[in-house]
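Structural description and commentary
Given next are the chains, with one letter for each unit.
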Amino acid sequence: MTRSRTTPPRPVDVATVFPELAAHRRTATRLHPRPGDPGPGDSSVGGPLLWPADEPWPTCEQFHVGMVTTEGVRLRRRLLERAWGRTRRGETLQLTDEEKAELKRAEDPPTDEDDAKADPMPLMALAQLYARDVPGLTCPEGMDLLQVLWCPHEHDDHDLYLPAVHLRWRRASDVTAVLADQPEPATVEYDDYVPEPCVLHPEVITEYEYVELLPEDLQERIKEWEEATGNDYRGELSLALGWKVGGFASWSLSGPEPMVCECGRAMEPLLTIDTCEWESPYGGSWRPVEEPEHPAGEFESLANPNMPTSIVISRGYALYAFSCPASFDHPLRFTMQ
Ligand SMILES: [Zn+2]
Ligand SMILES: [Zn+2]
């Protein structure tokens, strides 16, 4: 981990205006993924996992017909990155004939052979979080590493039609030999489901409960205060954007839904997989102070600093994984907001 990232102070400390918010406060750890070259010993999004050489790589048992090959997604991104990298700002993208042909090949749909390789399909490494790097990541007894994989095809689990997320908890010191050449699914449903390798710059922040889940009387007073002062509790003061651990979920798409485990306990957000890190069509300005407001340099770039992982959840939403505080063995629940 190198440079840290710092969320700018909120325009107003809302807890001094409404002291009762102290009862609706949690810490969250913004992960701040940024493009990099993580190794298995690093916390990452889209990096290699600390996976034991002698442990089978998990697969998805459902049969999927992919829309695009994983190799094609990566090839397309590298081609476009190279082409934009020599395009001056404000100019249109120029591709050589050779690049156009390569791009066409990258965008070709999967062949029967690719689809055959997809059965059963290896899961895709999505992220891994070492407890030493991520304050607030609570691990099962004796464990210190969370690994997140997903099947990059739409599953109708939980009525979400999103990739199916799988978690593995480990004790890092148990892994003596790391699996080289880690498997990848041959195809994905959309290129939005292939993460770019990112290193993390975790930062602990304070969040407040989603507005519609506060006591009604408090909601009313916050609303009146917003009208009087122009502040925006939901977008600017309560919930951060971007990948994070802990904190609260937004419910801006569906409205609040109870997230209750089958054991009866209220579940809590474990991990948020977000599309945007600081600006979203759905509100918020959470750009860390270290990030320039405007891109620097003479040339264009394919990379969008606001979307460093290249993961897009539906049309730019976030996927929240909830876990049960009673037991890590209880099934996760998910919502997209
Ligand atoms: Zn699957
Ligand atoms: Zn439970």
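Above: the structure in question.
Glancing now at the coordination of the zinc ion (ligand 1). Listed as protein donors to the zinc ion (ligand 1) are C60 (SG), H64 (NE2), C151 (SG) and H155 (NE2); their distances from the metal cover 2.0 to 2.2 Å. Geometry at the zinc ion (ligand 1) is tetrahedral, judged from the four donor atoms that bind it and their angles of 100 to 117° at the metal. Every donor residue of the zinc ion (ligand 1) comes from the same chain, spaced as C-x3-H-x86-C-x3-H. With C60 in strand β4 (residues 59-60) and C151 in strand β8 (residues 145-155), this pair connects stretches of sequence that are 91 residues apart. Relative accessible area serves as the criterion here: at 7%, C60 is assigned to the buried category.

Moving on, we get to the coordination of the zinc ion (ligand 2). Around the zinc ion (ligand 2), the protein contributes the donor atoms C261 (SG), C263 (SG), C324 (SG) and H330 (ND1), which lie 2.0 to 2.3 Å from the metal centre. For the zinc ion (ligand 2), the four donor atoms are set out with angles of 107 to 112° between them, so the coordination reads as tetrahedral. For the zinc ion (ligand 2), all donor residues lie on one chain, and their spacing in sequence is C-x1-C-x60-C-x5-H. In this pair, C263 is assigned in the loop between β13 (244-246) and β14 (268-274) and H330 in the loop between β15 (318-323) and β16 (333-336), connecting sequence segments 67 residues apart. Taking relative accessible area as the criterion, H330 reaches 24% and is therefore assigned partly exposed.

Counting 36 residues, the largest nonpolar core has L129, L137, I273 and I313 as the members making the most contacts within it. At the level of secondary structure, the elements contributing two or more residues to this core comprise β7 (124-130), β8, β9 (162-170), β14, β15 and β16. Per element, the largest residue contribution to this core is four residues, and it comes from β7. Counting residues domain by domain, this core receives three or more from each of domain 1 (1-32 + 201-337) and domain 2 (37-67 + 109-195). When neighbours within four sequence positions are excluded, L137 is seen to be in contact with L129, Y130, A131, L146, W169, V245 and L270.

Quick notes on the rules
Residues numbered from 1 in each chain as written. Chains lettered and ligands numbered in written order. Predicted model: local features only at pLDDT ≥ 70, side-chain atom pairs only at ≥ 80, totals over all residues. Heavy atoms only, no water. Donors = N, O, S within 2.8 Å, 3.2 Å for Na, K, Ca; no water. Tetrahedral: all angles 85-135°; square planar, octahedral: opposite > 155°, others 65-115°. Helix = DSSP H or I, 4+ residues; strand = E, 2+ residues; numbered from the N terminus. Buried < 20%, exposed > 50% of the residue type's maximum accessible area, 1.4 Å probe, protein only. Core = buried A, V, L, I, M, F, W, Y, C linked by side-chain atoms within 4.5 Å. Domains from an automatic or database assignment. Contact = heavy atoms within 4.5 Å.

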